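In case you want the letters, here they are:
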Amino acid sequence: MKSVQICIAGGGLVGLVAALAFSRQGHSVCVLEARDPALEQPAQMDARSIALSLSTIQIFNALGVWPQLQQQTAAIRHVHVSSAGHFGVSRLHASDLQREAMGFVVEYHVLLRYLLEAVSRDSAIELITPARLLDLQQTEHKVTLHYQRENKTVRLETSLLVVADGAHSSIREMLGIAAHTDDYHQSAIVANVKTTHAFNGYAYERFTVNGPLALLPLPDQRYALVWTNPPQRSELLMRLSDQPFIDELHRQFGYRLGYFSAVGKRVQFGLTRTRSERLADGRCVLIGNAANTLHPVAGQGFNLALRDVGQLYDAIEALDLASSGLSVGLTEYESARKKDQQRTVQLGDALVSLFSNDLPLINHLRAGALVALDVCPLLKQEFSWQGMGFGAGYSSLMRGVPR
Ligand SMILES: Cc1cc2nc3c(=O)[nH]c(=O)nc-3n(C[C@H](O)[C@H](O)[C@H](O)COP(=O)(O)OP(=O)(O)OC[C@H]3O[C@@H](n4cnc5c(N)ncnc54)[C@H](O)[C@@H]3O)c2cc1C
């Protein structure tokens, strides 16, 4: 029978980073991923881009994956926040915070491919694809699970099962952990757009009555668009051909970036927030979207998940994974993560309710919030600090110490 110290179920972005982290810690790691990444060509892959916070960059640095990846990212040095049809603009600058950048943007498929390569180069990690976890049982000393691979069912034993199987986690259900889902009744259209002007390092967040619209810088004078709307309006926008779509985008965003000269493939995502009631059960722990799925408005889902990985790394650092102390360590990890997770979720929720609403009182509040943010350095610093991922302290991976 196969046996490994840590098994990670789910080889999405979060599962792959977790694998690299635990391998650096000296553990043998196996990743089970249900999809076959070899069959997915970039064109079919998810078109979204990910804004990486500085806390994430620090973790990437500690894992040795940043220097090369950085070449395929664009830096965010300024954030311009505005509200369509109302006064009030806020500008956040990295230089005000004595930073070179506030974050970096990378295309999802570039990051996924890069992490897959890093994992395949690591001899302590076995990546098994396509392999779907089917069931599990746990005792005080081990987790025994079965996964399906090429029409065969394989049995595997592990000391720690890290559950990273995404928002609709079936493993969470197997563990009997309830999850609460709130539907924002919104969906996001994601696409890359080309512009005739590019202001180096500027990211834009524009709040409209229908929902927020973000444009994040990408290499080659392109921007990653995340445009949130009520589902029916999103459907209509998806059905438009490119030019009418671009015209509507101009109506909402204006001409700060000159003209949108081209738009790439559009992909639509329904937006829900899912919160798992518990993060740990015995020798199993939930991370990433399986633990918390957030609204993409604040660009924090992946960043929050990497802070989970950082804290989990610390929680198991001094433990013998085979000992019964592991489940106590995981319970402590769960309590330690609560504050950061709640704060991040609340920040996203506050932005969504404050900025996707056309009630007159809310309009005043919104304009006031933007002006306050623009003129009050402390408020700005706190907001940026949260966005950069430093609001909840540092794990040792964030300090750059793969011990
Ligand atoms: C439009 C949009 C924009 C976003 N922008 C940002 C951003 O700017 N910044 C940011 O930080 N976050 C952002 N996010 C969030 C970010 O994309 C997610 O937080 C992150 O991708 C979650 O990764 P994951 O690995 O937890 O889940 P997933 O990517 O869902 O991966 C789960 C994996 O598990 C596999 N799997 C499922 N079941 C099984 C099983 N039984 N056995 C084995 N494998 C299984 C699946 O095949 C999948 O590959 C955005 C999200 C959206 C929708």
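As the structure is a computational prediction, the values presented were derived from the model and not from experiment. (Residues numbered from 1 in each chain as written. Predicted model: local features only at pLDDT ≥ 70, side-chain atom pairs only at ≥ 80, totals over all residues. Heavy atoms only, no water.)

(A) How the structure looks around the overall build of the protein chain. When you go through the protein chain residue by residue, the secondary structure sums to eleven helices and 20 strands. Residues counted as buried form 54% of the 403 residues belonging to the protein chain. Taking contacts inside the protein chain between residues at least 6 apart in sequence as the whole, the part at least 24 apart equals 72%. Taken as a whole, the protein chain presents about 17,200 Å² of accessible surface, with 52% of it coming from carbon and sulfur. (Helix = DSSP H or I, 4+ residues; strand = E, 2+ residues; numbered from the N terminus. Buried < 20%, exposed > 50% of the residue type's maximum accessible area, 1.4 Å probe, protein only. Contact = heavy atoms within 4.5 Å. Areas by Shrake-Rupley, 256 points an atom, 1.4 Å probe, with all protein chains shown as cover.)

(B) Just the packing of aromatic side chains, in detail. One pass over the structure, following the stated rule, counts eight aromatic pairs. Here Tyr 204 and Tyr 223 contribute two aromatic rings whose centre-to-centre distance is 6.4 Å and whose plane-to-plane angle is 55°, an arrangement assigned as tilted. Taken together, the residues Tyr 204 in strand β13 (residues 202-208) and Tyr 223 in strand β15 (residues 222-229) connect sequence positions 19 residues apart. As far as burial versus exposure is concerned, Tyr 204 and Tyr 223 are alike and both buried. Ring geometry for Trp 227 and Phe 245: centres 5.5 Å apart, planes at 65°, overall edge-to-face. One end of the pair, Trp 227, is in strand β15; the other, Phe 245, is in helix α7 (residues 242-253), with 18 residues separating them in the sequence. A relative accessible area of 0% means that Trp 227 is categorised as buried. The exposure class of Phe 245 is buried, given its relative accessible area of 0%. (Phe/Tyr/Trp six-rings, centres within 6.5 Å; stacked < 30°, edge-to-face > 60°.)

(C) Looking closely at the pattern of salt bridges. One pass over the full model with this rule turns up 15 salt bridges. Across the pair Arg 251 and Glu 248 runs a salt bridge whose closest N-O atoms are separated by 2.8 Å. Taken as a pair, Arg 251 and Glu 248 lie in helix α7 at a separation of three residues, close to a single helical turn. Residue classification places Arg 251 among the exposed residues on the basis of a relative accessible area of 63%. (Salt bridge = Lys/Arg side-chain N within 4 Å of Asp/Glu carboxyl O.)

(D) Geometry of the packing of helix α1 (residues 13-24) against helix α4 (residues 108-121). At a closest axis distance of 10 Å, the pairing of α1 and α4 adopts a crossing angle of 30°. One way to sum up the angle between α1 and α4 is to call them roughly parallel. Classified by chirality, the crossing of α4 by α1 is left-handed. When α1 is examined against α4, the residues Leu 13, Leu 16, Val 17 and Leu 20 are found in contact with a partner set consisting of Tyr 108, Leu 111, Leu 112, Leu 115, Leu 116, Ala 118 and Val 119. Its residues assigned to classes, the contact of α1 with α4 comprises eleven nonpolar, no polar and no charged. (Axes fitted to C-alpha atoms, helices over the stretch in contact; angles between N-to-C directions. Parallel < 35°, antiparallel > 145°, perpendicular 65-115°, else oblique. Left-handed = near helix turned anticlockwise from the far one by under 90°. Nonpolar A, V, L, I, M, F, W, Y, C, P; charged D, E, K, R; others polar.)

(E) Spotlight on the side chain of Asp 308. Of note, Asp 308 is situated in helix α8 (residues 301-317). Residue Asp 308 is classed as buried on the basis of its relative accessible area of 2%. Apart from residues lying up to four places away in sequence, Asp 308 is in contact with Ile 287, Gly 288, Tyr 333, Arg 337 and Gln 341.

(F) Looking closely at α7. For α7, built from twelve residues, the straight-helix expectation of 16 Å at 1.5 Å per residue is met to within 8% by its first-to-last C-alpha distance of 16 Å. Of all the residues in α7, the buried ones are Phe 245, Ile 246, Glu 248, Leu 249, His 250, Gln 252 and Phe 253. Residues of α7 that are buried in the fold lie against β12 (179-195), β13, β14 (211-218), β15, α6 (231-239) and β16 (260-263). In the stretch just after α7, Gly 254 is the one whose phi turns positive, near 85°. (Expected span 1.5 Å × (residues − 1).)

(G) Structural context of the sheet that holds strand β7 (residues 103-107). If you trace the three strands from one edge of the open sheet to the other, you get β3-β7-β4, paired in antiparallel fashion. Only two strands of the sheet have a single neighbouring strand rather than two, namely β3 (49-53) and β4 (74-76). Strand after strand, the sheet turns through a mean of 30° between neighbouring axes, direction not considered. By the bridge criterion, three bridges tie β4 to β7 in an arrangement that is antiparallel. Bridged to Ala 75 within β7 is Phe 104. Set on the sheet, α4 makes contact with β3 and β7; between it and β7 the angle comes to about 85°. (Pairing = 2+ DSSP bridges.)

(H) Highlighting the nonpolar core. Grouped together as the largest cluster of nonpolar side chains are 80 residues, with contacts concentrated most on Ile 8, Phe 60, Leu 161 and Phe 302. Among residues more than four places away in sequence, those in contact with Phe 302 are Leu 13, Val 14, Val 17, Ile 50, Leu 52, Thr 56, Phe 60 and Leu 111. In this structure, Leu 213, Ile 246, Phe 260 and Val 263 belong to the second largest nonpolar core, which totals 17 residues. (Core = buried A, V, L, I, M, F, W, Y, C linked by side-chain atoms within 4.5 Å.)

(I) Expanded view of the site of the ligand. Taken together, 30 residues form the shell around the ligand, and within it Glu 33, Arg 48, Ala 51, Asn 289 and Phe 302 come nearest. A distance of 3.5 Å separates an oxygen atom of the ligand from a polar backbone atom of Leu 13. Glu 33 is positioned such that a nitrogen or oxygen atom in its side chain is 2.6 Å from an oxygen atom of the ligand. Counting only elements with at least two residues in the shell around the ligand, the list comes to α1, β3, β9 (132-138) and α8. Here the shell around the ligand is composed, by residue class, of 14 nonpolar, eleven polar and five charged. (Near = heavy atom within 4 Å. Polar contact = N/O pair within 3.5 Å; in protein donor to acceptor, adjacent residues only side chain to side chain.)

(J) Up close: the environment of Ile 6. Mapped onto the secondary structure, Ile 6 falls in strand β1 (residues 2-9). When the C-alpha positions of Ile 6 and Val 162 are compared, they lie 7.3 Å apart, and in sequence the two are 156 residues distant. Excluding its chain neighbours within four sequence positions, the residues that come into contact with Ile 6 are Phe 22, His 27, Ser 28, Val 29, Cys 30, Thr 158, Leu 160, Val 162, Ile 316 and Leu 321.

(K) A look at α1. Here α1 is twelve residues long and its end C-alpha atoms lie 17 Å apart, about the 16 Å a rise of 1.5 Å per residue gives. The element α1 is extensively covered by neighbouring structure, given that eleven of its twelve residues are classed as buried. Those residues of α1 lying buried are Leu 13, Val 14, Gly 15, Leu 16, Val 17, Ala 18, Ala 19, Leu 20, Ala 21, Phe 22 and Ser 23. Where α1 ends, the next residue or the one after it, Gly 26, has phi of about 100°, a positive value.

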